[in-house]
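Spelled out, the chains give:
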Amino acid sequence: MSDNNATIELKEITKDFKNTKVIDQLNLKVAAGEFLVLLGPSGCGKSTTLRMIAGLESVSNGEVLIDGDDLKKKANDGHTIAMVFQDYALYPNMTVYQNLEYALKVHKVAKDERQKRLESILETLNLSDYRDRLPSELSGGQKQRVALGRGMAKKSKIFLLDEPLSNIDVQLREKARDEIQSLHDRNKQTIVYVTHDQLEAMALGDRIAVMNDGIIQMVDTPENIYKNPTNLFVAKFIGTPQINVLPVWYQDGYLTMDETKLVKLDRINSIDPKDYLLGVRPEHIKVSKNSESEFSVPTKVTKIVDYGRYIQLTLDLNGQHVIKAVTKDIDCKIDDTVFIRIDERTSIIFDKDSQKNIYWDRV
Ligand code: ADP
């Protein structure tokens, strides 16, 4: 336990709206001072989970514990939890400055301290010129920055953010993201941050909890989620362009596709001879103009996009499979034949039926 932060524990949480279960037996522990991102597609239950941590939504079953204690004792004490809402929730009759100041006044933060905190927030969020405006006189992005600033000003032990950057212009978004990051570095608050944007999640989270259909699929560091996703859903949700998924057959140490040997498996002794799905990220497909090994497979270039830092190729394999590859440097044009190679170390193999990563419980 610390003055700056608190632990959060969700134990077997279930949430029903009328007869629909939107959260199903969710367990999650957030360490004191951790930055945890809840990531998943729209409608998967992220906001509902966050609102239950804030005490704004009741749980149908299960427990929310803050520093090991029942949430109810802490939810409204003014310094344990702050939340930034996706729809801003600003007071319409108060100016920007008054909106930022209100909670601090209510919780009796001294005037000098209030001014000091707010001047720095106005400055970092580019809001100094708008301090006397009403919310109705602000753009969506400006309102969102005020909402963010209001949450920052409270210096609470737990800071909950629901898609706080979704309406902010791209240029300012990166700055606001950096500001949230450095706020966390400075204050060591416990942060739970909801987003559907995997890049934001990868950039910010100490750990990411990937959700789908009210169930947490995986909680781990960004690196482990990228390298060793538990299942196909997680693999597809992280990474752009999306991971390639190829139908393969395993036999006698090799993964084959349409009778062509793609990968030799040395890492595991043996798996059942049957259908699998082979996941390979576009940046792990090796592309060359010539066949370089017995595992090189010819493909036809159908699209080339040069992003400057890298080139993205769309490749056609036998007229049956589309493969995306990202490469630094290749001299090719549409309709050329290029060869691809897939390395065992960067291959992720999924059981075709369960869609689980077969390496997951072996490492
Ligand atoms: P996310 O934040 O991941 O987009 P939400 O937590 O907002 O997802 O919503 C999860 C599911 O719960 C959705 O299907 C949504 O329609 C439903 N839901 C959310 N709030 C309510 C409510 N107050 N009444 C009924 N259904 C709701």
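Residues numbered from 1 in each chain as written. Predicted model: local features only at pLDDT ≥ 70, side-chain atom pairs only at ≥ 80, totals over all residues. Heavy atoms only, no water.

Remarks on the packing of helix H3 (residues 111–124) against helix H4 (residues 140–153)
Relative to each other, H3 and H4 sit at 145°, their axes nearing to 10 Å. Where H3 crosses over H4, the handedness of that crossing is right-handed. Of the residues in H4, those touching H3 at Arg117, Leu118 and Ile121 are Gly149, Met152 and Ala153. Looking at the contact of H3 with H4, its residues break down into four nonpolar, one polar and one charged. (Axes fitted to C-alpha atoms, helices over the stretch in contact; angles between N-to-C directions. Helix = DSSP H or I, 4+ residues; strand = E, 2+ residues; numbered from the N terminus. Left-handed = near helix turned anticlockwise from the far one by under 90°. Contact = heavy atoms within 4.5 Å. Nonpolar A, V, L, I, M, F, W, Y, C, P; charged D, E, K, R; others polar.)

Examining the pattern of salt bridges
Applying the stated criterion across every chain yields a total of 18 salt bridges. Among the ionic pairs, aspartate 70 bridges to lysine 72, the shortest N-O distance being 3.9 Å. Residue class for aspartate 70 comes out partly exposed when judged on its relative accessible area of 31%. Between glutamate 119 and arginine 131 there is a salt bridge; the shortest N-O distance is 3.0 Å. Highlighted residues: glutamate 119 in helix H3 and arginine 131 in the loop between H3 and H4, separated in sequence by 12 residues. One salt-bridge network, in which partners are shared between bridges, spans Lys15, Arg51 and Glu57. (Salt bridge = Lys/Arg side-chain N within 4 Å of Asp/Glu carboxyl O. Buried < 20%, exposed > 50% of the residue type's maximum accessible area, 1.4 Å probe, protein only.)

Notes on the environment of leucine 122
By the element assignment, leucine 122 lies in helix H3. Note on leucine 122: relative accessible area 0%, which makes it buried. In the structure, leucine 122 is positioned 24 residues away from valine 146 in sequence and 8.5 Å away in space, judged by C-alpha atoms. Apart from residues lying up to four places away in sequence, leucine 122 is in contact with Val96, Tyr97, Leu100, Leu127, Ser128 and Arg131.

Things to note about the domain arrangement of the protein
Split into domains, the protein comes out as domain 1 (8–237) and domain 2 (244–351). When each unit is reduced to the centre of its C-alpha atoms, the spacing between domain 1 and domain 2 is 39 Å. Facing eight residues of domain 1, the contacting portion of domain 2 comprises seven residues. Carbon and sulfur atoms supply 64% of the area that domain 1 and domain 2 bury against each other, a total of about 600 Å² over both sides. On the domain 1 side of the contact with domain 2, Tyr226, Leu232 and Ala235 bury the most area, a combined 73% of that side's loss. The interface formed by domain 1 and domain 2 includes three residue pairs in polar contact (both at pLDDT 80 or more). Elements that contribute at least two residues to the side of domain 1 that touches domain 2 include exactly helix H7 (222–227) and helix H8 (232–237). For the side of domain 1 that touches domain 2, the residue count by class is five nonpolar, one polar and two charged. (Domains from an automatic or database assignment. Buried area = accessible area lost by both parts, 1.4 Å probe. Polar contact = N/O pair within 3.5 Å; in protein donor to acceptor, adjacent residues only side chain to side chain.)

A short note on the environment of serine 347
Considering the arrangement of structural elements, one finds serine 347 in strand E20 (residues 347–351). Between the alpha carbons of serine 347 and isoleucine 285 there is a distance of 9.6 Å; along the sequence they are 62 residues apart. A polar side-chain atom of serine 347 sits 2.7 Å from the main-chain carbonyl oxygen of aspartate 343.

Overview of the sheet that holds strand E1 (residues 8–17)
If you walk across this open sheet you meet the four strands as E2-E1-E4-E5, and the pairing is antiparallel. Since the sheet does not close on itself, it has two edges, and those belong to strand E2 (20–30) and strand E5 (69–70), each with one partner. Sheet analysis places strand E4 (residues 61–66) next to E5, joined by two bridges and oriented antiparallel. If you follow isoleucine 66 over to E5, its bridge partner there is aspartate 69. Against the sheet, helix H1 (residues 46–54) touches E1, E2 and E4, its axis set at about 120° to E1. (Pairing = 2+ DSSP bridges.)

Remarks on the site of the ligand
In the region of the ligand, the neighbouring residues are Phe17, Val22, Pro41, Ser42, Gly43, Cys44, Gly45, Lys46, Ser47 and Thr48. Between cysteine 44 and the ligand, the recorded distance is 3.1 Å, taken from a backbone N or O atom to an oxygen atom. Calculation on the ligand without its partners gives an accessible area of 560 Å², and the protein chains cover 55% of this total. Counting residues per element, the shell around the ligand draws most heavily on H1, at three residues. Split by residue class, the shell around the ligand holds four nonpolar, five polar and one charged. (Near = heavy atom within 4 Å. Areas by Shrake-Rupley, 256 points an atom, 1.4 Å probe, with all protein chains shown as cover.)

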